[in-house]
Every structure is written in structure tokens, then in C-alpha cells.
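# Chain and residue survey
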Amino acid sequence: MRKLYFGLILLTFGTACRQGDKKANDTMLPKHQNVDSLTQNADHQNRLSGEKTYQYLKNGDTISLVIQIDGEKVYGDLTYAWKEKDKNRGKIEGILRDSVLTADYTFSSEGQQSIRQVVFKLSAQRAVEGYGPMEEKAGKMLFVDSEKVAYDEKFALENVISSTK
């Protein structure tokens, strides 16, 4: 009988300690976050890590985005090949936050090198480019207000190749 009481006491104590740990972990997070939301964010970031290739292919027009995602850092190649127009091919380097890639696109067109800011909303399946008013600052074209960028599904790029680390 003593062993039974001792076992119940240990079980109760162990359960109480675990609940205390859970409360301590919950209080360490900001009020709007919990453990589940952090896990979901980490899972989403993991799905977007590694090398990704997105393409738009319609009516002779091609947009190709090949990127390497390493945490928040993103780098790769971006090509626009519009039917009956000059091709733009270049490199991108930027940051991925909350599924939004903001990058500098350094490209050559008609023998001239330019830099312009690009924004893509990324998912495991698609990349949708953002558009908005731009202005030149320090030799590159930047969005006037990155909070007011509109995403156009008309030219959505589909994920064609994915690999994770």
C-alpha cells in the first residue's frame, strides 16, 4: 500500500512540474504568440528553405526565378523573357520575412546594367511578384512604399523544382 501511495505522489508531483514548465514557456512568449504559432512559422520557413525554381510560361513569355534560401538570406537568378522584347537576366540578393522576399535585382538589358528592387510573395507552390510605384534612390529603383505593394496573380510563377537541405 505504501508503494501505491508513493507512486501516486510521484505521479502527481511529475504532472505538476510539467504544467509549471508549460506555463513558464507560455509566459516567455509575446502575448500574441504561442508555441503552436512558432512551430507553424518554423515549419513554413523549413518548407521554403533550400533551392527553389519558379517559372511562368505562357504565350511565349517566360519568367524564371531560381533561388537558394538559407534562413532569411536569399540569393539566385531572375530572368524575364517577354515575347518580342529584350530579355532581362540577372542576380537577386535579399531577405525572406513572413513569406515575402524583398531583394535587389541586378540585371543587364540592352547592354546596360541596372538595379531594381523586387518583391515576391512565396509559398511552397508559387511565387507572386509585387508591383507598385518606384523611384530612383542611390542609383537603384526602389518601391516608394513597400507596404502598398500589390501582388498580381496574372503572372504567378509555379514551383517546378524543389530541394531542401
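If you're wondering where the values come from, they're calculated on a predicted model, not measured in any experiment.

The subject of this paragraph is the overall build of the protein chain. Each helix and strand counted, the protein chain has 2 helices and 11 strands in total. Scanning the protein chain from its N terminus toward the C terminus, one meets helices and strands in the order α-α-β-β-β-β-β-β-β-β-β-β-β. Here the protein chain holds 165 residues, and 29% of them are scored as buried. Here the contacts in the protein chain between residues at least 6 apart in sequence split such that 38% fall between residues at least 24 apart. Carbon and sulfur atoms make up 52% of the accessible area of the protein chain, which totals about 11,500 Å².

On any regular strand, side chains alternate: one points to one face of the sheet, the next to the other face. Both strand β8 (residues 134-137) and strand β9 (residues 140-143) contribute to a ladder of 4 bridges, which runs antiparallel. For Glu135, the partnering residue across the bridge sits in β9 and is Leu142.

So, how was this worked out
Residues numbered from 1 in each chain as written. Predicted model: local features only at pLDDT ≥ 70, side-chain atom pairs only at ≥ 80, totals over all residues. Heavy atoms only, no water. Helix = DSSP H or I, 4+ residues; strand = E, 2+ residues; numbered from the N terminus. Buried < 20%, exposed > 50% of the residue type's maximum accessible area, 1.4 Å probe, protein only. Contact = heavy atoms within 4.5 Å. Areas by Shrake-Rupley, 256 points an atom, 1.4 Å probe, with all protein chains shown as cover. Pairing = 2+ DSSP bridges.

Purely geometric stuff here, so don't read any function into it on its own.
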